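Coordinates in review
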Amino acid sequence: MAYDKITVPGSGEKISFANGAMQVPDNPILLFIEGDGIGYDIMTASKRIWDAAVEKAYGGRRQISWMEVYAGEKAAGLYAGDYMPEETFAAFREYKVGIKGPLTTPVGGGFRSLNVTLRQVLDLYSCVRPVRWYNGVPSPLKQPQDIDVVIFRENTEDTYAGIEFESGTPENAKLAKFLREEMNATNFFADAGLGIKPISPFGSKRLIRAAIQYAIDRKRSSVTLVHKGNIQKFTEGAFQKWGYELAAEEFPEATISWDEVAAKHGGEVPDGKIVVQDTIADIMFQKMLLRPREHDVIATTNLNGDYLSDALAAEVGGVGIAPGANIGDEIALFEATHGTAPKYTNLDMVNPGSLLFSGVMMLEHLDWFDAAELITSAYEKTIDQRYVTYDFARQMDNATKVPTSEFATRIIENMNGA
Ligand code: NAP
């Protein structure tokens, strides 16, 4: 389609789908949203690294054609104050895969979070957060190397659906009256703010399906359903129940429930099977500190996933390095998980790790694992040489603090064997 402010690159082809399977050309057009605040610094540095890795891994046979699309402050400047232009959504629908830096949500009435808007409009229902430790990265744990999980957080339902009624409003009074008089639900104080937590079989199952499929594709050993079903039986408990049902109905060959492992296989997982198990959300935080090896892929509801993602990211180095993606049936949007850190704007100072590793996830999503692996090992080598950005430098002994751009240059040099 024709775009107004977006320039389609002269070379490169679209990613497409045939019978549900993604078709990736050797020269795909990938979208990027630069992001506000530190976005320019981390996007510039990361693109250099991604391009260098693709060049090194495939010697010119493969190449990315970047296409800039706009959101946030840069969009507002170009589109007469529109922070989330319609043609950005259109570009994602047409080109399918892209990556974004952090975006400012303007303060003041009338603005929804741009990130939430992107997820909802494009129906990106899985928020995927791999959490693993990279050699040398400062961590508060004694054995951070034991953590290697991938969190699938449901992105569209739960208390995030925004169905809330403020205390003191007529809508709140109407709902309270309905609950007390017609539903015999009286266990709340007068004037309580009220919120609704919708959790559906459709929303739960498509998320859990994506998590199990990921576990199969990436040869992972287990999928843990994390829920608070002991208290919230028909929402969180139902999520757990639907998860087991889905595994048995749609993946009977690939998966086995933990109950079946215990009852029929003496606690030994049969070869080649992915265990589907479940854990109450609060215990999961404890387990991820004390026995993280017992978990691999995690599928969970929106609010649990929000807490869990940030808590686990802190265990392996914090927001400066945690990558993420929002994925739907066809469209995938990879993103830095931190914000715009406005005080560091254009200081060439911050850690590009979160965006960089979101790009590594994007390369893996394209099945370009060789390029992804090159970045991971060059990154670890650079940290090992103790060249780091300010955030890691303040947690490490004998580290050399380098600007974002120099950090990128050192990773590229390490990738090229310098
Ligand atoms: P933030 O931008 O994530 O920054 C909070 C702190 O985290 C920074 O001051 C810095 O800590 C550290 N940090 C963040 N990114 C870093 C990086 N790449 N390298 C090193 N350290 C990093 O959170 P915020 O200040 O609460 O939010 C600022 C704006 O970002 C808001 O407008 C918010 O709406 C937006 N936001 C956007 C997203 C998104 O686009 N996905 C997510 C969250 C927030 P130190 O100062 O201690 O070094």
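Everything here concerns the structure above.
All of these numbers come straight from a predicted model, not from anything done at the bench. (Residues numbered from 1 in each chain as written. Predicted model: local features only at pLDDT ≥ 70, side-chain atom pairs only at ≥ 80, totals over all residues. Heavy atoms only, no water.)

**Observations regarding the pairing of strand 12 (residues 274-280)**
Counting buried positions over the 7 residues of strand 12 gives 5, a clear majority of the element. With 6 bridges joining them, strand 10 (residues 222-227) and strand 12 adopt parallel strand pairing. From the neighbouring strand, H227 faces strand 12, where its bridge partner is I280. In the sheet, strand 11 (residues 255-257) pairs with strand 12 via 3 bridges, with the strands oriented parallel. (Buried < 20%, exposed > 50% of the residue type's maximum accessible area, 1.4 Å probe, protein only. Helix = DSSP H or I, 4+ residues; strand = E, 2+ residues; numbered from the N terminus. Pairing = 2+ DSSP bridges.)

**Topic: helix 11 (residues 353-365)**
Between its first and last C-alpha atoms helix 11 spans 18 Å; for 13 residues at 1.5 Å apiece the expected length is 18 Å, and the two agree. With respect to burial, helix 11 is a largely interior element, 11 of its 13 residues being buried. Buried within helix 11 we find G353, S354, L355, L356, F357, S358, G359, V360, M361, M362 and L363. Of the residues trailing helix 11, D367 is marked for its positive phi of about 75°. (Expected span 1.5 Å × (residues − 1).)

**A word on the sheet that holds strand 3 (residues 29-33)**
Strand order in the open sheet made by the 11 strands is 4-3-5-15-14-6-7-13-10-12-11, with mixed pairing throughout. Edge positions in the sheet fall to strand 4 (65-68) and strand 11, since each has one partner strand and no second. Direction aside, the axes of adjacent strands within the sheet are offset by 25° on average. Sitting on the sheet, helix 10 (residues 302-315) is in contact with strand 6 (126-132), strand 7 (148-154), strand 10 and strand 13 (297-300), with an inclination near 150° to strand 7. (Axes fitted to C-alpha atoms, helices over the stretch in contact; angles between N-to-C directions. Contact = heavy atoms within 4.5 Å.)

**Considering the site of the ligand**
For the ligand, the set of nearby residues contains 20 residues, the closest of which are L103, G339, A341, N351 and Y390. In the model, an oxygen atom of the ligand is placed 3.0 Å from a nitrogen or oxygen of the K343 side chain. Within the side chain of Y390, a nitrogen or oxygen atom sits 2.5 Å from an oxygen atom of the ligand. Protein chains shield 67% of the accessible area of the ligand, which is 870 Å² for the free molecule. Its residues assigned to classes, the shell around the ligand comprises 9 nonpolar, 7 polar and 4 charged. (Near = heavy atom within 4 Å. Polar contact = N/O pair within 3.5 Å; in protein donor to acceptor, adjacent residues only side chain to side chain. Areas by Shrake-Rupley, 256 points an atom, 1.4 Å probe, with all protein chains shown as cover. Nonpolar A, V, L, I, M, F, W, Y, C, P; charged D, E, K, R; others polar.)

**What about helix 7 (residues 236-250)?**
An ideal rise of 1.5 Å per residue puts 21 Å on 15 residues; helix 7 measures up with 21 Å between its terminal C-alpha atoms. Listing the buried residues of helix 7 in full gives E236, G237, A238, F239, W242, G243, L246 and A247. In this fold, the buried residues of helix 7 make contact with helix 6 (201-217), strand 10, strand 11, strand 12, strand 13 and helix 10.

**Some remarks on the packing of aromatic side chains**
All chains considered together, the criterion is met by 10 aromatic pairs. Judged by centre distance (5.6 Å) and plane angle (35°), the rings of W50 and W66 are tilted. Residue W50 is located in helix 1 (residues 39-58), and its partner W66 is located in strand 4; the two are separated by 16 residues in the primary sequence. The exposure class assigned to W66 is buried, which follows from its relative accessible area of 15%. The interplanar angle of 40° and the centroid separation of 5.0 Å between the aromatic rings of Y344 and Y390 together place this pair among those described as tilted. Residue Y344 is located in the loop between strand 15 (332-336) and helix 11, and its partner Y390 is located in helix 13 (residues 390-393); the two are separated by 46 residues in the primary sequence. Neither Y344 nor Y390 differs from the other in exposure class; each is buried. Stacked on the ring of F188, the Lys or Arg R180 has its end atom at 4.0 Å from the ring centre. The side chain of R410 reaches across the aromatic face of Y387, ending 3.6 Å from its centre. (Phe/Tyr/Trp six-rings, centres within 6.5 Å; stacked < 30°, edge-to-face > 60°. Lys NZ or Arg CZ within 6 Å of the ring centre and 35° of its normal.)

**Considerations on the pairing of strand 5 (residues 97-100)**
Where burial is concerned, the two faces of strand 5 agree: the one with V97 and I99 and the one with G98 and K100 are both buried. Across 3 bridges, strand 3 lies against strand 5 in parallel orientation. The residue of strand 5 that forms the bridge with I33 is K100. Two elements, strand 5 and strand 15, share 4 bridges in a ladder whose sense is parallel. Note on strand 15: the bridge partner recorded for K100 is E335.

**Looking at the environment of K205**
Here K205 lies in helix 6. Under the relative-accessibility criterion, K205 is labelled buried at 18%. The sequence separation of K205 and W242 amounts to 37 residues, and the corresponding C-alpha distance is 6.6 Å. Beyond its immediate sequence surroundings of up to four residues, K205 is in contact with W242, E245, L246 and E249.

**Observations concerning unusual backbone geometry**
For D158, which is not a glycine, the phi torsion comes out positive at approximately 75°. Here D158 shows up in the loop between strand 7 and strand 8 (164-165). Despite not being glycine, R386 shows a phi value in the positive range, around 65°. Among the structural elements, R386 can be located in the loop between helix 12 (369-384) and strand 16 (387-388).

**A word on the pattern of salt bridges**
Across all of its chains, the model carries 26 salt bridges by this definition. D26 is paired through a salt bridge with R62; the nearest N and O atoms lie 3.2 Å apart. Here D26, found in the loop between strand 2 (21-23) and strand 3, pairs with R62, found in the loop between helix 1 and strand 4; they are 36 residues apart in sequence, far enough to count as distant. Assessed through its relative accessible area of 33%, D26 is described here as partly exposed. (Salt bridge = Lys/Arg side-chain N within 4 Å of Asp/Glu carboxyl O.)

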